[in-house]
Amino acid sequence: MRKISVLLFLAWVGFLFYAGIALFTSGFLLTRLELTNHSSCQEPPGPGSLPWGSRGEPGACWMASRFSRLVLVLIDALRFDFAQPQLSHVSGEPPTSLPFLGKLGFLQRILEIQPHHARLYQSKVDPPTTTMQRLKALTTGSLPTFIDAGSNFASYAIAEDNLVKQLTSTGRRVVFMGDETWNDLFPGAFSQAFFFPSFDVRDLHTVDNVDSGEWDVLITHFLGVDHCGHKHGPHHPEMAKKLSQMDQVIQGLVERLENDTLLVVTGDHGMTTSGNHGGDSELETSAALFLYSPTALFPSAPPEEPEVIPQISLVPTLALLLGLPIPFGNIGEVIAEVFSEVEDSQPHSSTLAQASALHLNAQQVSRFLHTYSTAAQDLQVKELHRLQNLFSKASADYQRLLQSPQGAEAALQTVITELQQFLRGVRAMCIESWARFSLVRMAGGAALLAATCFLCLLVSQWAASPGFYFRPLLIPMAWGLTGALVCAGLLATTGLKLDSVVLGAMAAVGSLLPFLWKAWASWGAKRPLAALLPMPGPVLLLLLIRFAGFFSDSFVIAEARAAPFLLISLILLLVAQLHWEGKLLPPKLLTIPRLGFLTPAGPPRHNGTHALGLGVGLLLCIRLAGLFHRCPEETPACSSSPWLSPLASMVGGRAKNVWYGACVGALAALLAAVRLWLRRYGNLKSPEPPVLFVRWGLPLMGLGTAAYWALASGADEAPPRLRALVAGASVMLPRAVAGLAASGLMLLLWRPVTVLVKAAAGAPRTRTVLTPFSGPPTSQADLDYVVPQIYRHMQEEFRGRLERTKSQGPLTVAAYQLGSVYSAAMVTALTLLAFPLLLLHAERISLVFLLLFLQSFLLLHLLAAGIPITTPGPFTVPWQAVSAWAFMATQTFYSTGHQPVFPAIHWHAAFVGVPEGHDFTWLSALLVGTNTFASHILFAVGCPLLLLWPFLCESQGPRKRRQPPGNEAEARVRPEEEEEPLMEMRLRDAPHHFNAALLQLGLKYLFVLGIQILACALAASILRRHLMVWKVFAPKFIFEAVGFIVSSVGLCLGIALVMRVDGAVSSWFRQLVLAQQKAGEQSSLVYTGAGSSAREAQSHLLPPCSQDLLASGTSLFYNSKS
């Protein structure tokens, strides 16, 4: 019941944090209001006569169509400089260093040969630069908000008015080929469609080799450039090959175009120097836009420097050129020069044509603003009135000039300028206003997070008290469930809309407040407030520094360097604390009294040199792990580590082989270290299935991982006839490794007790002769001490020989490795988890994983040196240990090449073990998330080691067994004997304190993580109008929130594994007792090789479940190695 209470309470605390995060998120990351209104030809955008070309012509709408057919070529991630010629790069840098320059040579030739037919623009993209948001912008002319980035790979149909809907409503035949995201956005809108998976970044050519049938509008979304950037980066030779292929595609299209067809080649976004996108850096928001018509389209030659236009300007431009209504929610500005009259014979001037297009555009935007401001109040009222006045003046001037257009060129230019100012002002106002916040929800979410952090602090202190009991922990959960049901019933009966976020928050508050009130009244009010902050002052100072740092964008950007600094500071503090407490002093002569086993004082388990060596080694590992770093985009002077890229991106074969050997060596070292550790504590000799799997399954997983690395790094170099085989093996090997890891974890959950049991009739009982001196005895006192032991040892040997001559003898049962049974299960589980996580990273990250395990081992040993072992309890884990563990999780997050921004996500993880052409979007998203939060998973699952490791290190110091009272005569014959240390079995001496310590550990870890997410929430809310809110603070909050959820789930799983092992140990004891009772055998108990009988063993030295063994007399060895 205690175990269930602990897990349920931790789950409830996690739910409180989740409710706070959800409530804050619902107020902070709100989407703008999407209007469902649609434009139509029958409803002009505003009063006044339509332009001259739309009257009386077949198929005419707001403006007469200039083109009847359209070819839209969308090249994913076509950055603007990809379309630049070779010589247009910055002087002083060799052109050969940028393989992507000059590869779209056909565009440059068209611009030179036919300057009036083609134009190249620099398309300025609005963040976020993710594909789904860009497709929405390119078809609706609106500004997708930040929260839409979260649904980038779970797209939903566009409800707003858009170009595709306008095309289909007028009977145009729209054919599409390319990214399957279009199918989610526009279901059933295409007369013909050829979709390909957007997550398959390794497929460089599939989408680019398709043909089309009959069409009025042909839309092609080529994924090859984006895929190449994700896999190789823009500076790889593969990028030059892909751009050259795109150049050939464009050339073939131009040669087959008819005079009534417009060709548009554009990119949806750019890419960073590493090939990723999603943020708002200059390279990500800069895309190419190329327009071409077989007939003259532009009145003048292109300028030397291409004009910069907003990406959404393409929407109203295409709508008017094709004779369509502009989508209702568009806020883009038409490209005025494409509406100029090239032929002198046209009845109206180019200026009037441009003014007519801009006026239609402005009327549509003004109509949208009026409708939107009526439905929502998030636009700035003062600015809205100013813009409406500006439009009214420009519209009146335009209508007046229509009556007498001759000789009014200057006035028309003024009208054009005013209309452009209006359109650009509207766009700027919308960009600033469409971060719509709900301050009430944000404040409520932050308050709930703060209250939950206080709850963790309060109960963690309560759990450390001797009088702690578990039953009251279940009361608040009942309150919360009752409150949620009552609220749901009220909402259902009143017919109000059921908001799950608000309902969950009300349930959380309803369960939290009574608990806090009762706890404060019964415990907190009787103690000073300072007792709630029991952590040492320096640790509290470091946590406050980290808390305050989240309010600085510079700190968040430089957190990859700040987190190791805080960790190093905490390690130095630990070493200094050990010195202050005298635990680094050399051990003195062992002078423990003979009957003083329970004396709390004892010699240090580590001498000064050993502890200092642990600290130095830990600092060295942290510095080495820092070499694997990814630089933020805001620090251009920084250079990211080249070791983060996969081996496939390397050009030199010899260097690739050397690195592959280093990666395989790190993998072998990791396997060897785990096996040596298990052998060191004897758990490798158990015949249990998990141990057998460690012996044979782990090497197979290592071989599978190494083979996958070899195939992945040389897949592009494989012969053509073997590529299908290599592709198949590259899919099956990761699946095999993941399957083996899952099998190992299932075996571990089934049989978690990794002990070696030996039973023999009449087995001799041996004794270790202890002497307080070295060398031969030199005095009479030494002889008086050692001779009785030698005599007793000879006597037992003689008795053993006599017993072996008998037909039957007492049964002796020896159980080895019980002292490390919990830690062995944890280390095995972490190793099994590490292999699938390692496969999701680049090959050279294996070196980081090796450093991760090594520095975790060193930190645990260093922490164990300063944690006292109290018998029989209560047990506790100090705050500095929990804080150091959380800091190391953050440091590992950055050392594995991650950053809390969307462009730094390792998208290649989505395709590990997944075949090409798959449609398992949820699986790809799961793989990417697992790769991103791998460090959170490992450290959260391994958190119980902070409690177990000090007991494990008890084996490094011998103890003396105290003699039981009443046997003084035998005590004079049998002097003090060495006792095998109980190690982790000491936790089973007090199961109540054991469970309380697990609860306390979990709450402390959740508190440290909780103040981080609280700081991010407060920073995002206070700085919600900050310039860097969407670039720094909002992504940081999202990553911290998801990381907290992952960590809390991993923590519960790790604690549940310890409890599963504890339950299995109890079951093992019971089965052993039942077996002895059923056999009816009389045996004697010899405890841990000390040679004493069952009647001499003290009950407090054995775990409660083993007390029954005293009655049966079964001989039991706890920690002896076989």
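Explain the packing of aromatic side chains to me, please; I cannot follow it from the model alone.
For any pair of aromatic rings, the description rests on two quantities: the centre-to-centre distance and the angle between the ring planes. A complete count under the given rule lists 27 aromatic pairs for this structure. Taking 5.2 Å as the distance between ring centres and 35 degrees as the angle between the ring planes, the aromatic pair formed by Phe 391 and Phe 422 counts as tilted. Within this pair, whereas Phe 391 is found in helix H10 (residues 381-403), its partner Phe 422 is found in helix H11 (residues 409-433), the two being separated by 31 residues in sequence. Accessibility expressed as a relative area gives 10% for Phe 391, which makes it buried. The rings of Phe 176, Trp 182, Phe 186 and Phe 190 are connected pair by pair, giving a single aromatic cluster. Over the ring of Trp 659 we find Arg 844; its NZ or CZ atom is 5.0 Å from the centre of that ring.

Please explain the environment of Ile 312 as it appears in this structure.
Mapped onto the elements, Ile 312 comes out in the loop between strand E8 (308-310) and helix H8 (314-321). On the basis of relative accessible area, Ile 312 is assigned to the buried category, the value being 0%. If we ignore the near neighbours within four places in the chain, the residues touching Ile 312 are Asp 126, Ala 137, Gly 141, Ser 142, Leu 143, Asn 330, Ile 331, Gly 332 and Arg 427.

Please clarify how the pairing of strand E6 (residues 261-266) should be interpreted in this entry.
Remember that side chains alternate between the two faces of the sheet whenever the strand is regular. Burial runs high along E6: six of the six residues are buried. The two faces of E6 match: Thr 261, Leu 263 and Val 265 on one face and Leu 262, Val 264 and Thr 266 on the other face are all buried. Sheet topology places strand E1 (residues 69-75) next to E6; six bridges connect them, and they run parallel. If you follow Val 73 over to E6, its bridge partner there is Val 265. Taken together, the four bridges between E6 and strand E7 (residues 286-292) define a ladder with antiparallel strand orientation. Of the residues in E7, the one forming a bridge with Leu 263 is Tyr 292.

Any chance you could explain the sheet that holds E8 here in plain terms?
In a beta sheet, neighbouring strands are held together by backbone hydrogen bonds and run either parallel or antiparallel to one another. A sheet is described by the order of its strands in space; here eight strands give the open sequence E4-E3-E5-E1-E6-E7-E2-E8, paired in mixed fashion. The two strands at the open ends of the sheet, each matched to only one other strand, are strand E4 (192-196) and E8. Mean inter-strand twist for the sheet, computed between neighbouring axes without regard to direction, equals 20 degrees.

What is the right way to look at the side chain of Arg 134 in this model?
Looking at the element boundaries, Arg 134 is found in helix H3 (residues 131-140). Asp 126 provides the closest opposite charge to the buried, unpaired Arg 134, separated from it by 5.0 Å. One polar contact links Arg 134 to Gln 311, side chain to side chain, over a distance of 2.8 Å. The residues contacting Arg 134, other than those within four sequence positions of it, are Val 125, Asp 126, Pro 127, Pro 128, Thr 129, Pro 144, Asp 268, His 269 and Gln 311.

Could you clarify how one ought to interpret unusual backbone geometry in this entry?
Backbone geometry follows two general trends: most residues other than glycine have a negative phi, and most peptide bonds adopt the trans configuration. Positive phi outside glycine occurs at Ala 77, with the angle close to 65 degrees. When you line up the elements, Ala 77 lands in the loop between E1 and helix H2 (105-113).

Before we go on, may I ask you to explain the state of the cysteines in this structure?
One way to say it: the disulfide is the covalent bond shared by the sulfur atoms of two cysteines. Counted according to the given criterion, the structure contains one disulfide. Residue Cys 456 stays outside any disulfide, its sulfur separated by 6.3 Å from that of Cys 453, the closest cysteine. With relative accessibility at 1%, the residue Cys 456 sits in the buried group.

Before we go on, may I ask you to explain the pattern of salt bridges in this structure?
Charged atoms that come close allow side chains of opposite charge to pair. In the structure shown here, the tally under the stated rule is 17 salt bridges. Arg 546 is the partner of Glu 559 in a salt bridge, and the nearest nitrogen-oxygen pair spans 2.8 Å. Here Glu 559 is found in helix H17 (residues 559-580), whereas its partner Arg 546 is found in helix H15 (residues 537-549), with 13 residues between them in sequence. Both residues of the pair, Glu 559 and Arg 546, belong to the buried class.

Is there a simple way to think about the side chain of Asp 247 in this case?
Tracing the backbone through its elements, the reader meets Asp 247 in helix H7 (residues 237-256). Buried charge Asp 247 goes without a salt bridge, the closest partner of opposite sign being Arg 109 at 4.6 Å. Contacts of Asp 247, omitting those with residues within four sequence positions, involve Lys 103, Leu 104, Gly 105, Phe 106 and Leu 107.

Looking at this structure, how should I read helix H26 (residues 921-932)?
Within an α-helix, residues lying three or four positions from one another point in the same direction, as the helix has 3.6 residues per turn. Spanning twelve residues, H26 covers 17 Å between terminal C-alpha atoms, matching the ideal 16 Å at 1.5 Å per step. Every buried residue belonging to H26 is among Ser 924, Leu 927, Val 928, Thr 930, Asn 931 and Thr 932, and all of these are buried.

What am I meant to see in the pairing of E7 here?
Along E7, seven of the seven residues are buried, which leaves the element largely enclosed by surrounding structure. Alternating positions in E7 separate into two faces, Ser 286, Ala 288, Phe 290 and Tyr 292 on one and Ala 287, Leu 289 and Leu 291 on the other, with burial throughout. Where strand E2 (residues 118-124) and E7 come together, seven bridges link them in antiparallel fashion. Counterpart to Ser 123 in the pairing with E7 is Ala 287.

What am I meant to see in the environment of Ala 1064 here?
Note that Ala 1064 resides in helix H31 (residues 1029-1079). Residues Ala 1064 and Trp 750, spaced 314 residues apart in sequence, show a C-alpha to C-alpha distance of 9.0 Å. Not counting residues within four places of it along the chain, the set of residues in contact with Ala 1064 comprises Pro 752 and Val 753.

The rules behind each value
- Residues numbered from 1 in each chain as written.
- Predicted model: local features only at pLDDT ≥ 70, side-chain atom pairs only at ≥ 80, totals over all residues.
- Heavy atoms only, no water.
- Phe/Tyr/Trp six-rings, centres within 6.5 Å; stacked < 30°, edge-to-face > 60°.
- Helix = DSSP H or I, 4+ residues; strand = E, 2+ residues; numbered from the N terminus.
- Buried < 20%, exposed > 50% of the residue type's maximum accessible area, 1.4 Å probe, protein only.
- Lys NZ or Arg CZ within 6 Å of the ring centre and 35° of its normal.
- Contact = heavy atoms within 4.5 Å.
- Pairing = 2+ DSSP bridges.
- Axes fitted to C-alpha atoms, helices over the stretch in contact; angles between N-to-C directions.
- Lys, Arg positive; Asp, Glu negative; His and termini not counted.
- Salt bridge = Lys/Arg side-chain N within 4 Å of Asp/Glu carboxyl O.
- Polar contact = N/O pair within 3.5 Å; in protein donor to acceptor, adjacent residues only side chain to side chain.
- Disulfide = S-S within 2.5 Å.
- Expected span 1.5 Å × (residues − 1).

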